[in-house]
Every structure is written in C-alpha cells, then in structure tokens.
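Fold and geometry: a report
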Amino acid sequence: MTPLSTVALVVGLASLVSGHGFLKSITVDGKNYLAWQVGQDNYVNPPPVRYARQLANNGPVPDFTTNDITCGAGGNIPAQGIIELKAGDKVTFNWDQWGSSHSGPVFTYLAKCANNDCKTFKGDTGNVWVKIEQLSYNPQGHPPWASDLLREQGAKWSVTIPPKLAPGEYLLRHEILGLHVAGTRMGAQFYPSCTQIRVTQGGTTQLPAGLALPGAYKPEDPGILAELWRIQQGQTQYVAPGGPVWSEAAPNANRAGP
C-alpha cells in the first residue's frame, strides 16, 4: 500500500468514529461472509470479494426518495460474491455497531433478480421488493423498539428465508429506520443494505408483486414522519412503512410481535 493510500485509509477509518452503523458481515449455516467494509474496501486494489453491495459510508441515505434508498448510498454496484443457501435457512446480519439513540423499526425485503442474474440487476425500478420480515414497536417488549433489540443482541439481526421460496438468485435487502429526528420532514434515517443470495434448494413459490424502492417511502407517511416521544407516551400508534409482511414469510426469528 502506498503512503497516500495509507493516509486515505486512516482518514476513512477516522470518519467512522462518530458514525452510526453499517452491515459488516452475513452469517449462514455457521459460515461468515463479509459485506462491503466501509472506510477500508474503497482503498483496496483489486477490490476484494464481498457479498453485500458497496456503501459510501456508515450514515443514512441522504435522500430516501432517490435511488439511494434501494441498496444504500454507494452506487448500487453489484457485489462480486453471492451466498448460496436453501429456502428455510436462517440468515444473520452482523452490524459493526448500533447506537442506543437511533430507535426505530427493522425490515427485510426480497427481490428476484431479473434473468436470474444479480450481477446485472439493481432493483431500482418496478414493484420488485417483497417484505419478508418486520419488527417495529411493541410497548410491552423489552426493549420496545426493534433497533434497540438489535443492539441488545450484539448488533445482530436474523431472518429466515421463506421455506417454500423457489430456487434462484435474489437480493436480500436488510434495513434499519432511525426515527430519532423523524419529527422533521425528511428527518427519518434509513440504513439499507443489499446482500446477494442464490437459493439452491426450495419450493415452487414465486415472489408476488411488491413495492418500488424508490417510490414506496413518502416523506409524509405516518411511519416516516413520526415523533418518538408521542409514540412512546401512547399518544399515537406507530405503523411502519412498506406495507405488511408477505403471507408466505417465515415467523420472525428475533421476537414475536408487531
């Protein structure tokens, strides 16, 4: 590594000190697959094999009404690697960290890669995203917010691939929504990531029509323009954005509840 690239790497790492969080790796059947390493992989040549798409930084997408919401602000560049698994397998998303102040829901979506090829598919047009997992706010939960549960689980979150899902290549889109400044229009903070998977064994069930990202998240949606204190004091009921979970999805692997 040249002196200049060493300096760039140090600067990149330093920028993460006061940051939020990013998907660091994905675990399936005891094997760990690295996601894009924010602040490091940008300076490695040739680029290393990663299994989740590139992210520009560990912050939220700058504008959730743009294409950045699809797979994060990083250009939606297809990853070199793809994780092979079976329908019904549990996937664990391992974040580098998650802060206690960034409370909100957690979602996971699936999109079938067009032509069964994730290396040519971006998922930024059409109603291709199907929600397969969601946990938001449960006042009787300990803790009530899903993102706080993720933090207490060691910055980890699990999802089960739908047991009857047909084989093929898919994008697995995992996301945290931070609501700590969501009382201001466009203040909601989305942290999406896209992992490339290949289902090698499964059923015959195809994904239905889903929603578009960008497009589905509107600045005035009550699950996006929301005030934490009103929700937590019971003044308003929280309804997460993105619609309901698909009926063929597996039970939530983290906790039952809304």
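Residues numbered from 1 in each chain as written. Predicted model: local features only at pLDDT ≥ 70, side-chain atom pairs only at ≥ 80, totals over all residues. Heavy atoms only, no water.

Under the annotation held in an unreviewed UniProt entry, the protein carries the name lytic cellulose monooxygenase (C4-dehydrogenating) and is attributed to Podospora pseudopauciseta. The record in UniProt for the protein states the following under Catalytic activity (unreviewed entry): "[(1->4)-beta-D-glucosyl]n+m + reduced acceptor + O2 = 4-dehydro-beta-D-glucosyl-[(1->4)-beta-D-glucosyl]n-1 + [(1->4)-beta-D-glucosyl]m + acceptor + H2O." (UniProt positions renumbered as here; feature names shortened; annotations may be inferred.)

Here we take up the side chain of Asp89. One can find Asp89 in the loop between β3 (83-86) and β4 (90-95). In terms of polar contacts, Asp89 uses its side chain to reach the backbone amide nitrogen of Lys86, at 2.8 Å. In this structure Asp89 touches Val28, Val159, Thr160 and Ile161, once residues within four positions along its chain are discounted. (Helix = DSSP H or I, 4+ residues; strand = E, 2+ residues; numbered from the N terminus. Polar contact = N/O pair within 3.5 Å; in protein donor to acceptor, adjacent residues only side chain to side chain. Contact = heavy atoms within 4.5 Å.)

This brings us to the packing of aromatic side chains. What the rule picks out here adds up to 8 aromatic pairs. Relative to Tyr217, the ring of Phe190 has its centre 4.7 Å away and its plane inclined at 20 degrees; by these criteria the two rings are stacked. Within this pair, whereas Phe190 is found in strand β9 (residues 189-201), its partner Tyr217 is found in the loop between β9 and α4 (228-232), the two being separated by 27 residues in sequence. Among the aromatic residues, those joined into a ring-pair cluster are Phe64, Phe190 and Tyr217. Its guanidinium or amino end placed over the ring of Tyr170, Lys112 lies 5.5 Å from that ring's centre, counting from NZ or CZ. (Phe/Tyr/Trp six-rings, centres within 6.5 Å; stacked < 30°, edge-to-face > 60°. Lys NZ or Arg CZ within 6 Å of the ring centre and 35° of its normal.)

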